[in-house]
Amino acid sequence: MSVSAADRPGVLEGQTLERDVSVDADMCIIGSGAGGSVAAARLAQSGLRVVVLEEGGYFTSERFTMKEEDCYPNLYQEAAQRATADLSVSIFQGRAVGGTTVVNWTTCFRTPESTLERWRLHHAVSGLERATLDPHWEAVEERLSIQQIPIEKVNRNNRLLWDGCEAMGWSKDTLHRNVIGCALTGYCGMGCPVDLKQSMLITYLPDAMTAGATVISRCRVERLEHDGRHITSVKARCLDAFGLSETGPSVTVRARRYVLSAGAINTPALMIRSGLPDPHDRAGKRTFLHPVIASGAEYEEPVEGYYGAPQGVASHHFADRGDGVGYFLEAAPVYPLLIATGFPGFGLAHREIMLRLPNFAAHLAIAIDGHQDGEEGGEVRVLESGRPKLHYTPSPKTYAAFREAQKNLARLQLATGAKRVLSSHVKPLEVRSERDLKLLDDAPYAPNQVAVFSAHQMGGSAMSDDPKLGVVRPHDLRHHQVENLHVVDGSVFPTSCGVNPQLSIYGLAHLVSGRLAGPAPAV
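Being a predicted model, the structure only gives us computed values, none of them experimental. (Residues numbered from 1 in each chain as written. Predicted model: local features only at pLDDT ≥ 70, side-chain atom pairs only at ≥ 80, totals over all residues. Heavy atoms only, no water.)

### A few points about the pattern of salt bridges
- If you walk through the whole model with that rule in mind, you get 28 salt bridges.
- Glu78 serves as the salt-bridge partner of Arg82, at 2.8 Å between the closest nitrogen and oxygen.
- Residue classification places Arg82 among the buried residues on the basis of a relative accessible area of 6%.
- Looking at Glu78, the relative accessible area reads 28%, which means it is partly exposed.
- Its salt-bridge partner being Glu430, residue Arg420 comes within 3.1 Å of it at the nearest N-O pair. Remark: Glu430 occurs in strand 22 (residues 430-431) and Arg420 occurs in strand 21 (residues 420-422); sequence separation between them is 10 residues.
- Accessibility expressed as a relative area gives 31% for Glu430, which makes it partly exposed.
- A single network of salt bridges, built from pairs that share partners, joins Glu298, Glu352, Arg356, Arg420, Glu430 and Arg432. (Salt bridge = Lys/Arg side-chain N within 4 Å of Asp/Glu carboxyl O. Buried < 20%, exposed > 50% of the residue type's maximum accessible area, 1.4 Å probe, protein only. Helix = DSSP H or I, 4+ residues; strand = E, 2+ residues; numbered from the N terminus.)

### Concerning the pairing of strand 15 (residues 292-298)
- Across the 7 residues that make up strand 15, a large majority, 7, are buried.
- As defined by bridge partners, strand 15 adjoins strand 18 (residues 360-367) across 7 bridges and the pair is classed as antiparallel. What sits directly across from Val292, in strand 18, is Ile366.
- With 3 bridges joining them, strand 15 and strand 21 adopt antiparallel strand pairing. When the sheet's bridge partners are listed, Glu298 is paired in strand 21 with Arg420. (Pairing = 2+ DSSP bridges.)

### Section: the packing of helix 4 (residues 130-143) against helix 12 (residues 502-516)
- At a closest axis distance of 8 Å, the pairing of helix 4 and helix 12 adopts a crossing angle of 105°. In terms of their interaxial angle, helix 4 and helix 12 are classed as roughly perpendicular. Counting all contacts with helix 4, which are made through Thr132, Leu133, His136, Trp137, Ala139, Val140 and Glu141, the residues of helix 12 involved are Leu503, Ser504, Tyr506, Gly507, Leu508, His510, Leu511 and Arg515. (Axes fitted to C-alpha atoms, helices over the stretch in contact; angles between N-to-C directions. Parallel < 35°, antiparallel > 145°, perpendicular 65-115°, else oblique. Contact = heavy atoms within 4.5 Å.)

### Overview of the packing of aromatic side chains
- Evaluation of the coordinates by the stated rule reveals 8 aromatic pairs.
- When the ring of Tyr306 is compared with that of Tyr307, the centres are 4.9 Å apart and the planes differ by 85°; the resulting orientation is edge-to-face.
- Looking at Tyr306, the relative accessible area reads 13%, which means it is buried.
- A ring pair is formed by Phe318 and Tyr327, whose centres lie 5.2 Å apart and whose planes are at 15°; its orientation type is stacked. (Phe/Tyr/Trp six-rings, centres within 6.5 Å; stacked < 30°, edge-to-face > 60°.)

### Focus on the side chain of Asn104
- Structurally, Asn104 is set in the loop between strand 5 (90-91) and strand 6 (107-108).
- For Asn104, the side chain forms a polar contact with the side chain of Gln502, separated by 3.1 Å.
- Look past the residues within four positions of Asn104 in its chain and what remains in contact with it is Cys188, Gly189, Lys197 and Gln502. (Polar contact = N/O pair within 3.5 Å; in protein donor to acceptor, adjacent residues only side chain to side chain.)

### A word on the environment of Ala367
- Examined against the element boundaries, Ala367 turns out to sit in strand 18.
- Take Ala367: its relative accessible area is 1%, and that puts it in the buried class.
- For Ala367 and Ile293, which are 74 residues apart along the polypeptide, the C-alpha to C-alpha distance reads 8.3 Å.
- Each residue touching Ala367, except ones within four places of it in the same chain, is listed here: His290, Pro291, Val325, Gly326, Tyr327, Thr398 and Phe402.

### Looking at the sheet that holds strand 7 (residues 146-148)
- Read across the sheet, 3 strands follow the order 6-9-7 without closing on themselves; strand pairing throughout is antiparallel. One side of each edge strand has no neighbouring strand; the edge strands of this open sheet are strand 6 and strand 7.
- Looking at chain direction, strand 6 and strand 9 (residues 176-178) are connected through 2 bridges and run antiparallel. Bridging from a neighbouring strand, Thr107 pairs with Arg177 of strand 9.

### Side note on unusual backbone geometry
- One non-glycine residue, Glu78, adopts positive backbone phi at about 50°.
- Mapping Glu78 onto the fold places it in the loop between helix 2 (68-75) and strand 5.
- One non-glycine residue, Arg286, lies in the positive phi region at around 55°.
- Within the secondary structure, Arg286 is located in the loop between helix 7 (266-274) and strand 14 (287-288).
- We classify Arg286 as buried; its relative accessible area is 8%.

### What to know about the nonpolar core
- Counting 114 residues, the largest nonpolar core has Val50, Leu53, Leu224, Val251 and Met463 as the members making the most contacts within it.
- In terms of residue count, helix 12 provides more of this core than any other element does, 8 residues in total.
- Listed in part, the 46 residues of the second largest apolar core include Leu161, Ala269, Val431 and Leu437. (Core = buried A, V, L, I, M, F, W, Y, C linked by side-chain atoms within 4.5 Å.)

What follows is the structure, encoded as structure tokens:
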């Protein structure tokens, strides 16, 4: 069956297809997350025929049950079990129509000027000054109703972080969130059941479809066909309703331009799997994770950190530590299954923690990786099966930052009345007073000795004016060697952002997609 991208605007679910499909389009976008959806809307609204291919399923609010056993298999990469090759870092990344924006915790920051300046000075990234990006962030903030949450609206988990920073004399602020009239259910990580989170699922992606774009879900892209200078077509396979098995029918898309927006692990993996030109061996290199360590604190009174906005407060007091890896502090929702699988400990000790779950607060230290000289991050590789695997181990400086951060979080939690603080070690250390902090000085901070997580994947297809340093050029995020291929997602960041990255991706996508609306190169 051969169709034009303009023939069937809306969502076409791949598991319903019974025969092969061939699509002609002006723009083929692979991935429907923060980068792909903004680009799809802007390009479709400019009059171009746009098709979006998404490996994940199409889930709407009626199907968001707020049950972890439902959402992790349906809405996350590898059923929320994705991890680095050595299993030392757990990776939480969305897989659905709307991408990670469907399941993230709604925190929005503009890229810090210090990060943009580092990119300019150390990674040959030109043209991304704050003045250039500000109008695009403003447009996105208006469309997504991004506003700062008042301190009166934060839950007790976040309020404890605020009060602890106040007691310690550390800088802090409430966060900006992409929500309208939030119902404060707390289950942002499960998909918003009342459509108040302004994810791509209910904003830019519907904008794109209203302008004529077609989204094909449960459609796994296997390969970008190319002649060395141009992508000639995209080859994809339809998946079943669970996203596990191929159903038989294929999807072939022929377009004038192609946009890769599959995220900081899947985007470079698809480049590598397709054998795209890479003369300087940059695809998959310099992948960063904002690795996270957690501190759990038990209080006499209930905290109930599973209700209310998951994140409402942050502190960047320790973001710049000179020669050390910087980090920032935020809160995490205390979802039962998330805590049960993510918190260390075994047997009766673990059961005792879970029984006391309503009285626990969870606070995070998020490391800013890639900002130290010589820090190369991780590398995405492709297994024989075609699946990606990230090789990444936190650096010694990152582990040193974790040790300091764990002590600081314990101090903060004790200052707000915690009766005990538990570290993230395989055998959690218990801190009940300042005297116990010395336990953390002697504790092992090394791979698989302490739990580390990531919800912010960046890099792997870095932008740079210098082809020896990056995969794409900054002006329009065009591949240095392939003339009709662009990358519009967090994989283009040459380091981590130093803040939650979704607004950084939105703004960059808004800027670049406006530039892509012009004439496409001939193929």
